[in-house]
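Single-letter residue listing:
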Amino acid sequence: MHQRPFQQVDVFTATPYRGNPLAVVLDGSGLSTEAMQDFTNWTNLSEATFLLPPTPEGRAAGADYRVRIFCPGRELPFAGHPTLGSCHAWLKAGGQPQVAGQVVQECGVGLVTLRQDGERLAFAAPPLIKSGPLAEEDVALIARGLGVARSDILHHAWCDNGPNWRGVMLRSSEQVLALKPDASILGQLDVGVVGPRGKVGVIGSTDAEGIAFEVRAFFPGNNGLAEDPVTGSLNAALAQWLIGAGLAPTQYVAAQGTCLGRAGRVYVQQDGDTIWVGGSSVTCMAGEVLL
């Protein structure tokens, strides 16, 4: 075991403890997959990441670093808030990208490009692995699990970009915030729920804070169904679905974590064929861990 540099970062917020926390081990060299998984489970956070040098293939393709992303019980090929938080920690630790203003991360889905947008970082949404409408039996199951009428689900789609998200849109943000999902029904599904905060049915409308949508994410956790404070992968997939289907403008802000006492803010912008998903990050703890 060695002392390794470590940061705990709060992602999708500029205010400490109001976003989604992430454990970042800045030097994961020599650690086994089992050691990484054990440490992740110990942190009791939704994810932990381990930074490594790029593979030779990744370096040749322009990668600045490689990251392995873990959640309790399993490794993830990609996740949004670990991508932003890992990049924030890498830069804070003195990382120098090969191209100014742009960072290239190597992870399980390949290369992910990040750009600096003022004080925020944004990643290019990876391609969807699976898209298109959900099967009707899935929609009916999700409606039962959310405790809403089937008719309250206005739109639905696969939002699979690594995590196997199923996305549904409800009538309003108020309905999204009032959900009390049934773990016995949804306990084995990754479900993302989105509802407009502005005037229902008016594309691009926002509330007084400039927020277009309220988002919640439910997934299988260690003790049944869990809710994620702020979810980059889901928001990336939702953006590709909603913008592509004409259900959202090409630039908007989503709120997430409200029911958990958080104030996550996700900034989405389409630029040509690329959808950028961004947010602020703040380092809450820095030091060393024994691994």
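## Overview of the state of the cysteines
Line of reasoning, step 1. If you walk through the whole model with that rule in mind, you get zero disulfides.
Line of reasoning, step 2. Cys71 takes part in no disulfide bond, and the closest cysteine sulfur to it belongs to Cys107, at a distance of 14 Å.
Line of reasoning, step 3. In this structure Cys71 comes out as buried when scored by relative accessible area, which is 9%.

## Observations regarding the side chain of Thr43
Line of reasoning, step 1. On the secondary structure map, Thr43 appears in helix H1 (residues 33–43).
Line of reasoning, step 2. Classification of Thr43 as buried rests on a relative accessible area of 17%.
Line of reasoning, step 3. Of the polar contacts made by the side chain of Thr43, one reaches the backbone oxygen of Thr40; its length is 2.7 Å.

## Focus: the pairing of strand E11 (residues 190–196)
Line of reasoning, step 1. Across the seven residues of E11, seven count as buried, placing the element largely inside the fold.
Line of reasoning, step 2. Covered by surrounding structure in E11 are Asp190, Gly192, Val194 and Pro196 together with Val191, Val193 and Gly195, the residues of both alternating faces.
Line of reasoning, step 3. Sheet analysis places strand E10 (residues 164–169) next to E11, joined by five bridges and oriented parallel. When the sheet's bridge partners are listed, Gly167 is paired in E11 with Gly192.
Line of reasoning, step 4. Direction of pairing for E11 relative to strand E12 (residues 213–221): antiparallel, over a ladder of six bridges. Residue pairing for E12: Val193 is matched across the bridge by Arg216.

## Considering helix H4 (residues 136–146)
Line of reasoning, step 1. Of the positions making up H4, those classed as buried are Asp138, Val139, Ile142, Ala143, Gly145 and Leu146. Mapping the buried residues of H4 onto a view down its axis gives an arc of 165 degrees, with all of them on the same face. Turned more than 90 degrees away from the buried face of H4, the exposed residues are Glu137 and Arg144.
Line of reasoning, step 2. Immediately beyond the C-terminal end of H4, within one or two residues, lies Gly147, with a positive phi of roughly 75 degrees.

## Structural notes on the environment of Cys259
Line of reasoning, step 1. Along the chain, Cys259 falls in the loop between strand E14 (251–256) and strand E15 (264–271).
Line of reasoning, step 2. The spacing of Cys259 and Gln7 is 252 residues in sequence and 26 Å in space, taken between C-alpha atoms.
Line of reasoning, step 3. Discounting chain neighbours no more than four positions away, the residues touching Cys259 are Leu177 and Arg216.

Procedures and definitions
- Residues numbered from 1 in each chain as written.
- Predicted model: local features only at pLDDT ≥ 70, side-chain atom pairs only at ≥ 80, totals over all residues.
- Heavy atoms only, no water.
- Disulfide = S-S within 2.5 Å.
- Buried < 20%, exposed > 50% of the residue type's maximum accessible area, 1.4 Å probe, protein only.
- Helix = DSSP H or I, 4+ residues; strand = E, 2+ residues; numbered from the N terminus.
- Polar contact = N/O pair within 3.5 Å; in protein donor to acceptor, adjacent residues only side chain to side chain.
- Pairing = 2+ DSSP bridges.
- Arc of directions from axis to C-beta.
- Contact = heavy atoms within 4.5 Å.

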